[in-house]
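Chain and residue survey
What follows is each chain in one-letter form.
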Amino acid sequence: MSNLTRYMIKRIAILSLTLVLAIYATVVIANMGGYVDKLLKDQIKFEIVQKLNRDPMFAVLSNEEKERLIAVQFNARIKAAGLDQPFPIRSMIQLTNALTLNLGRASFLKSASGSSMVSEIILERLPRTILLFTTGTVLASLLGLYLGLQQAKKALSKFDRSMILFSIFTYVQPAWFFGILFILLFSFYLRIFPPGGMVSAPPPADPLGYALDLLYHLALPLITWVFATFGYWSYTTRNIVLQTMSEDFVTAAKARGLPSNRVLFRYVLRPASPPIVTGMVFALVFSWTGAIITEAVFNWPGLGLLFLLAIEVLDAPVLIGLTVVLAYLIFLTVILLDIIYAILDPRIKISG
Amino acid sequence: MSAPPTGLKQVFREVLRSKTGIIGVVLLLFITSLALLTPFIAPFDIAKKWNDIQWWSDNPVLAAPSWMTIIMPDKYSTTIILDEFSSTTTQQGDIRITTHTSSFRYSFRNFPSEIKLVLDADYEVQKPQIRITLSRPDGENIVIFQGLPNKGENIVNLSLDPQSQDLIVSYLFSNFGVAPSAVYPEVVLFAVKDANMNDRMKASVLRGIYRLTIDVIAFDDRTEVRPRLYVYGNAFGLFGTDAFRRDLIVGIMWGAPIALAFGTIAAVVTVLLQVIIGAAGTWFGTRSDELVQRVADFFLIIPVLPILILVNIIYGINIWALLGWVILFSLVGVSSKVARSMVLQIREEQYIEAAISYGASKKRVLFLYMLPRMLPYMFALIALSAPIYIFLEATLSFLDLGDPNIPSWGKILGDAYEEGALYLGYWWWVIFPALMIILVSLGFTLFAYSFDKVVNPRLREE
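Every residue gets a number counted from 1 within its own chain, in the order that chain's sequence is written. Naming scheme: in the order in which they are written, chains are lettered from A and ligands are numbered from 1. Whole-chain, interface and lining totals are the exception, using all residues; otherwise, since this is a predicted model, local features are given only for residues with pLDDT of at least 70 and side-chain atom pairs are given and counted only at 80 or more. Excluded from the side-chain calculations are hydrogens and water; all other atoms, namely the structure's heavy atoms, are used.

With that settled, the discussion passes to the overall build of chain A. For helices the rule is a DSSP run of H or I covering at least 4 residues; for strands it is a run of E covering at least 2, with both sets numbered from the N terminus onward. Of regular secondary structure, chain A possesses 14 helices and zero strands. Along chain A, from the amino end to the carboxyl end, the secondary structure elements read α-α-α-α-α-α-α-α-α-α-α-α-α-α. In this treatment the radius of gyration is a C-alpha quantity, and the globule benchmark scales as 2.2 Å times the residue count to the 0.38 power. Relative to the compact-globule value of 20 Å for 352 residues, chain A shows a C-alpha radius of gyration of 26 Å, a clear excess of over 25%. By its C-alpha atoms, chain A is 95 × 55 × 35 Å across when sized along the principal axes. Burial analysis of chain A (352 residues in total) assigns 49% to the buried set. Within chain A, contacts between residues separated by at least 24 positions form 71% of all contacts whose residues are at least 6 apart in sequence. Counting every atom, chain A has about 17000 Å² of accessible surface; 68% of that belongs to carbon and sulfur. When charges are tallied, Lys and Arg are placed among the positive residues and Asp and Glu among the negative ones, while His and the ends of the chain are skipped. Each charge is placed at NZ for Lys, CZ for Arg, CG for Asp and CD for Glu. Each charge sign in chain A was given a centre, from 30 positive and 20 negative side chains, and these centres are 12 Å apart. Only protein chains enter the accessibility calculation, which uses a 1.4 Å probe. A residue is then buried if its area is under 20% of the maximum for its type, exposed if over 50%, and partly exposed in between. In this description, contact between two residues means that some pair of their heavy atoms is separated by no more than 4.5 Å. Residue-level accessible areas treat just the shown protein chains as cover; the underlying method is Shrake-Rupley with a 1.4 Å probe.

Structure representation (structure tokens):
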């Protein structure tokens, strides 16, 4: 086994354990008022009554017998679901359910296909969130990396200093905040972009028209996301590159008379890339939660808007499911970047 | 490059020497003094009434700031309130006829947004009969209300009241022979008399002196009717009003102490905790360092905002409980990483070695020799985190998950978004609270930047 694989296995093991703990924390928090139990019991009762009501034999029974039958079935189901167990065991059942993405049934919300399974509702919307925010994050990172390099080259110039200020300023503002200002400016006053949604209603029938319509709707949330996040990338890049630039080996390379671009790419960027990737971890993790409200503001029908809908109708299973899925997404993001980090950082290959 | 100053006082002096530092401090001072003044200008019981829609009913709905009447006098008008009337009374047997009259000048170039009539009535048994006529500058007399009031306050919104609308329709019908299906009393009453007088776009405003006559026929001695007329404009106050007629200045002013208190307390506590935990972890050895790193992984993976939303929905917490939860989820974070790298750097220095050599305990070295060195950095981190927490509160309030009892900037923005202010162009409802948030975060940002510039040699200007 190479050092790299050993390192990766160790990291994945640690992070998986962390994921389990994070999801367990969610389960415990959601359970503290006995809220989830009550919800599950209500759901089971509802399902039993619905099933029995469809049965013609049930309708002829007297009220007392009906009650008794419901109670018997209810208790059996409660037992089967482990709801009569003490909390530590019950929480373990819920943890397993959450980890296997067995997220239960939504209280009110339904997927476009009519399913009320939480996992289906979430899966249906996940690609749309990924489309908007991965595109946005890739664009922002490229722009930020480029600008950060330019800043490092002309460190402490007027351009550099105003970019730093811009970066810190946009770093503290959430994207949704720029979103509402941009909607007011670009879509209400200038009428350049639609104020929200993913496609027009009704959407164009031909695939090309559909794609163009999608792009048209994607533009403003994308611009907002890039605007709100590229500053952080440029700032991180600038600082790390500057730090590497002051190292002796860079000075030596310069002294040897190597062309400045070669020094930048071979001698500066290569060692600077692992810490930049670390910066990426925070930016991407940030983006998953930042997506919630940004989507809601732009009416983008992804996970964020689902979150808002679930808040409005108080659909707790969907909210808990979304929290679990977000934890998973962050977990996968961190692992992916860990792999990139390990490949980039030569020290890991040697020491493990 | 000179070495960065280490004493807090020196750092402050240097911060105040830079332009960005001064602007940042001035902005923060401005917001702080606004926050301190707020309780005197707008007492807290006004803020508590924020959610009491009845309390704001005398204000115009969705009015722009009143200074818009100066910038665009053609489009904006303020509210005219008519509450002083001269009365004459004649007795005819058992019946007493009182006539209240009053007049006002309407000189705006646009139509009122609404007209509201308030009748404070009292009587013994039989309701008095009331007829209200508006006499216009062109000599037209239009009956705008006819009816029997109840005891107490009777509020008649002429623009919405079907009976008053019928009166206007019959006026239009007798003059022009048409009975429009939708009638706008606030336009008709103040329009030059022609066939277009029910059309806000085509009609022109009739300016001049209007007189209101209220005839009250009373059947007993106790009967008394006090009228009030509101001719609403579309501009009000310094920051305008929202869809619930709330004076936005109250919410915007109260947003300042709330945002500042929440942001600074959260920032100070979390940065202190994160720095102490991060520094201690590294300082006390590999095992504790490893532990802190793993806890950092945990806090990285746990989705904080969704969990805060969940907690909020399930338990319906107030702003102080929210603060507690926020702190709980920020025990380890970015500041711990900064502290870690600083400890790695500082522990190599000679004065630490000296302290250890004369027998100072690890704890003593950490708290008396290392943490004070990090103080300036902590200030920068606090200044950088404060706006993040201010925005966290704003974000939750935007989703209507903040403390329900107090107005905050995020809540105002959330209401504006909910009511479609972005798509209908109620800019004042969005711009002013947004501007306040920007001012605060800009203040903190500039402050943090100039701090960073002093303590972080890589940013220093020569």
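The structure having been displayed, the exposition proceeds.
Quick look at the layout of surface pockets now. Residues and elements named next belong to chain A. For the second largest pocket, the calculated volume is near 690 Å³. What lines the second largest pocket is a set of 26 residues, and nearest its centre among them are L40, N97, N102, L103 and G104. Among the elements of the structure, α1 (3–31), α2 (35–53), α4 (63–81), α5 (87–99) and α13 (316–344) are those that each provide at least two residues to the lining of the second largest pocket. For the lining of the second largest pocket, the element with the highest residue contribution is α2, accounting for six residues. In this count, Pro and Cys sit with the nonpolar residues alongside Ala, Val, Leu, Ile, Met, Phe, Trp and Tyr, while Asp, Glu, Lys and Arg are called charged and the others, Gly among them, polar. Considered class by class, the residues forming the lining of the second largest pocket number 15 nonpolar, seven polar and four charged. Put simply, the grid is 1 Å and covers the protein atoms alone, a cavity is a trapped set of points that fit a 1.4 Å probe, a pocket is an open set with protein on both sides within 12 Å along at least five of seven lines, and lining residues have an atom within 4 Å of a point. Grid points are joined across faces, edges and corners, and a volume is the space filled by probe spheres set on the points.

What follows deals with the pairing of strand β8 (residues 208–218) of chain B. Residue and element names in this part refer to chain B. Within β8, eight of the 11 residues are buried, which leaves the element mostly enclosed by the surrounding structure. We call two strands paired when DSSP finds no fewer than two bridges between them. Direction of pairing for strand β5 (residues 129–135) relative to β8: antiparallel, over a ladder of seven bridges. Residue pairing for β8: S135 is matched across the bridge by R211.

Moving on to the pattern of salt bridges. Oppositely charged side chains are able to pair whenever their charged atoms sit close together. Here, a salt bridge means any side-chain nitrogen of Lys or Arg that lies within 4 Å of a carboxyl oxygen of Asp or Glu. Within the structure shown, the criterion is met by 22 salt bridges over all chains. Residue D242 of chain B pairs with R246 of chain B through a salt bridge whose shortest N-O separation is 2.9 Å. For R340 of chain B, the salt bridge identified is with D289 of chain B, shortest N-O distance 2.9 Å. One end of the pair, R340 of chain B, is in helix α11 (residues 334–346); the other, D289 of chain B, is in helix α8 (residues 286–301), and 51 residues separate them in sequence. Overall, D289 of chain B belongs to the buried group, its relative accessible area being 13%. Look at the salt bridges and you will find they share partners, linking R11 and D338 of chain A together with E290, R294 and D297 of chain B into a network.

Now for the interface of chain A and chain B. If you look at the interface, chain A gives 63 residues, while chain B gives 54 residues. Applying the counting rule to chain A against chain B returns one salt bridge. Two N or O atoms count as a polar contact when they lie within 3.5 Å, although within protein this holds only if one can serve as hydrogen donor and the other as acceptor, and sequence-adjacent residues are included solely when both atoms are side-chain atoms. One can count five residue pairs in polar contact (both at pLDDT 80 or more) joining chain A with chain B. Contributing elements (two or more residues each) for the side of chain A that touches chain B: α1, α7 (158–172), α8 (175–189), α9 (207–245), α11 (260–298), α12 (303–313) and α13 of chain A. For the side of chain A that touches chain B, the per-class residue count stands at 48 nonpolar, 11 polar and four charged.

All names here are of chain A. Taking 1.5 Å as the rise per residue, α8 with 15 residues should run 21 Å; its terminal C-alpha atoms sit 20 Å apart, in good agreement. Listed in full, the buried residues belonging to α8 are A175, W176, F177, F178, G179, I180, L181, F182, I183, L184, S187 and F188. Just beyond α8, the residue with positive phi is R191, at close to 55°. Multiplying 1.5 Å by the residue count of a helix minus one yields the expected span of that helix.

A domain assignment, automatic or from a database, supplies the domain bounds used here. Its domain assignment divides chain B into domain 1 (8–53 + 246–459) and domain 2 (80–232). Taking only C-alpha atoms, the centre of domain 1 of chain B and the centre of domain 2 of chain B are 55 Å apart.

Moving on, we get to a nonpolar patch on the surface. Any residue with relative accessible area above 30% and no salt bridge may belong to a patch, with like charges joined within 9 Å and the nonpolar Val, Leu, Ile, Met, Phe, Trp and Tyr side chains within 5 Å. A surface patch of nonpolar side chains, amounting to about 370 Å² of accessible area, comprises L185, Y189, L190 and I192 of chain A. Looking at where L185 of chain A falls in the secondary structure, it is placed in helix α8.

It is worth spelling out the environment of M8 of chain A at this point. Residue and element names in this part refer to chain A. Locating M8 in the fold gives a position in helix α1. By relative accessible area, M8 is classed as buried at 11%. Spatially, the C-alpha atom of M8 lies 7.7 Å from that of A342, the residues being 334 residues apart in sequence. Contacts of M8, omitting those with residues within four sequence positions, involve I335, D338, I339 and A342.

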